[in-house]
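# Coordinate inspection notes
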Amino acid sequence: MASTSLSDTSTSESLAVANPTIKEKTSEEPALASSEKHDVSPKEESESYVENQKPKGPPRGGPPMPLTNLEKGLIGWDGPDDPENPMNWSLRHKWRNMSFVAVSTFMLPLASTLFAPGVGYVAAEFHETNTTILSFMVSIFVLGFGWGPMLMHAPLSELYGRKYVIACSNLVFAIFNIGCAWANGVDTFLACRFLGGLLGCASLVVGGGVISDMFRREEMGSASSAFALGPLMGPVVGPIIGGFMAERVGWRWTFRLLLILGCFMSAIFFFIFDETHAPAILRQKTKRKRKELGRPELISALDEFNKRSPGQIFWHGISRPMVLLCTSPAVLFLGIYMAIAFAYLYIFLTTITGVFRNIYHFSTGITGLSYLGLGTGLMSALFSVGSTNDALVRYLTKRNNGVRMPEFRLRPLFLSCTLIPVAMIWYGWAIQRKAHWFAVIASMFPLGFGMVSSMLPIQTYLIEVYGPYGLAASATAAGNCLRMTAGAFFPLVAPTLFEHLDYGWGCTLLGLLALAMCASMAITFIFFGHKLRERFPPRI
């Protein structure tokens, strides 16, 4: 009996060090805990201990850290400073991992537009004249981006870890680019293009989970900037490279380049990238301890496989993004906000080639350079908004009497809800009035700046709010599904809209819709987001 009490006291102290918010509770009820221990079986006691590692309700100071307790047969971290915990890695180690994720997330959006300037060559070779089909050749890849992570990659990464999910996904991406590079018809090309996007885009959302695995709240702004760089810059750099490639060596080489990149990044994640997902790391540690100590009954303190089958866990993982969309206003409406921004981005990306070739008579290679206006806006915002996001949160926290709120990260939405409508209206009327080509390129700068001012704060906000629940990848997958679906289908509507209203009034209509919807959502979440967050916590 005395040994039991001693064990309970040491466990409580360890948990109190890992999470100060529960110290009060453990010190208030020691007598009750010790008096009831003899009625609890070791199995029930172990399950209760595992359950206590999970956050209940809105997280206040983060969930308790799962610590090793050999008497209960549980393997966790060896202490708050355990070097195996990704949170305790050196900044160099963290940023090495983060750089691999950033390159992978750059490669995938690059693939979405790399061959966009060469669509005319594809149309001529396959004898395709339907403009909707030609636009869909570009955007169907983005449709796969939206649904693949939600149905497969996010739940798989929450169960089996980040490393091998991203590695296998990059390999599949490379395989389907073989099909695109050697396709002999539109049907084969579209099928391989869609499946490559569906199955090969894990890093776009799993990267959010990697950030929540390694970085603390005060470090997330810089990490999210690196994570956002790829999805934003990839679609811009793609046409610049692809235009010259299609003109000089043929459109098929754009896909051969992607094949090489996919194989290279797959090898990086298989052999160099270090696993960051705590349950996966502790699962490996548990296997190691079973052999070292000769105790096959040891289990991981965070391993869901202790209680449920892989099938049950996977189904639960698939349902998480949809449940978040239906029950969390932040995920739904901020996802819609990003969907509007992404839809307008892809309207630009799919119309720029036709505008500069047909109206301004640019060559295919020079047409790709017209995307530099968009890229300049993106880079300017990344250096300004991205580098000041953490400082802005610290400043607002200080003004709020030291009380930090995740909604402080959303202040840049005031910029984006203004700049995106301005860019649309400017772009449309510059084309309709046949202004100088530089005016059209300059209209892309506010769009690029507005894209970063929306994507970066929203991604960081979702990771910060849902990361403590273990739902960072699921929350980003839900938002990703909305924005990629919009990015896939809105460009198909644009040609008909511009045919009936012309570029000027068509873009004005789109700009006013964006202003009304984005401004209302920005104001709501910046000033009342904390109330919505408390009223609708994750119900998973």
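In this report, the structure presented in the accompanying data block is examined. This one's a predicted model, so the numbers in the text were calculated from it and none came from an experiment.

## Brief notes about the environment of Pro468
- Note on placement: Pro468 falls in the loop between α20 (444-466) and α21 (472-535).
- Look at Pro468 and you get partly exposed, because its relative accessible area is 25%.
- Expressed as a C-alpha distance, the spacing of Pro468 and Ser212, which sit 256 residues apart in the sequence, is 8.1 Å.

## Describing the nonpolar core
- Phe189, Tyr344, Phe356, Met451 and Tyr466 are the most contacted members of the largest nonpolar core, which has 137 residues in total.
- In contact with Tyr344, not counting residues within four places along its chain, are Ile420, Met424, Leu447, Leu510, Gly511, Leu513 and Ala514.
- Counting six residues, the second-largest nonpolar core is a separate cluster that includes Leu67, Ala278, Ile281 and Leu282.

## Observations regarding the packing of helix α7 (residues 131-160) against helix α14 (residues 310-327)
- Where α7 contacts α14, the two axes come as close as 8 Å, and the packing angle between them is 125°. When the interaxial angle is binned, α7 and α14 end up oblique. Remark: the crossing between α7 and α14 carries right-handed chirality. Residues Met150, Leu151, Met152, Pro155, Leu156, Glu158, Leu159 and Tyr160 of α7 pack against Pro310, Ile313, Phe314, Gly317, Ile318, Arg320, Pro321 and Met322 of α14.
- Here the contact of α7 with α14 is composed, by residue class, of 13 nonpolar, one polar and two charged.

## Structural notes on the pattern of salt bridges
- By the definition in use, this model includes 13 salt bridges.
- For Glu464, the salt bridge identified is with Arg404, shortest N-O distance 3.4 Å. Of this pair, Glu464 sits in helix α20 while Arg404 sits in the loop between α17 (372-399) and α18 (413-432), and the two are 60 residues apart along the sequence.
- Owing to a relative accessible area of 5%, Glu464 belongs among the buried residues under this scheme.
- Overall, the relative accessible area of 22% leaves Arg404 in the partly exposed class.

## A closer look at α14
- Given a rise of 1.5 Å per residue, 18 residues ought to cover 26 Å, and the 25 Å separating the end C-alpha atoms of α14 matches this to within 8%.
- Maximal helix bending in α14 amounts to about 35°, located at Arg320; proline Pro321 follows within four positions.
- Regarding α14, the residues found buried are Ile313, Gly317, Ile318, Arg320, Pro321, Leu324 and Leu325.
- Elements in contact with the buried residues of α14: α7, α15 (329-359), α20 and α21.

## Concerning the packing of α17 against α20
- As a packed pair, α17 and α20 sit with axes 7 Å apart at the nearest point and diverge in direction by 35°. Two packed elements cross with a definite hand, and for α17 against α20 that hand is right-handed. Contacts between α17 and α20 involve Gly373, Leu374, Thr376, Gly377, Leu378, Ser380, Ala381, Leu382, Ser384, Val385, Gly386 and Asn389 from the former and Met444, Phe445, Leu447, Gly448, Phe449, Met451, Val452, Ser453, Leu456 and Thr460 from the latter.
- Looking at side-chain class alone, the contact of α17 with α20 contains twelve nonpolar, ten polar and no charged residues.

Rules of the game
- Residues numbered from 1 in each chain as written.
- Predicted model: local features only at pLDDT ≥ 70, side-chain atom pairs only at ≥ 80, totals over all residues.
- Heavy atoms only, no water.
- Helix = DSSP H or I, 4+ residues; strand = E, 2+ residues; numbered from the N terminus.
- Buried < 20%, exposed > 50% of the residue type's maximum accessible area, 1.4 Å probe, protein only.
- Core = buried A, V, L, I, M, F, W, Y, C linked by side-chain atoms within 4.5 Å.
- Contact = heavy atoms within 4.5 Å.
- Axes fitted to C-alpha atoms, helices over the stretch in contact; angles between N-to-C directions.
- Parallel < 35°, antiparallel > 145°, perpendicular 65-115°, else oblique.
- Left-handed = near helix turned anticlockwise from the far one by under 90°.
- Nonpolar A, V, L, I, M, F, W, Y, C, P; charged D, E, K, R; others polar.
- Salt bridge = Lys/Arg side-chain N within 4 Å of Asp/Glu carboxyl O.
- Expected span 1.5 Å × (residues − 1).
- Bend = angle between axes of the 7 residues up to and from the residue.

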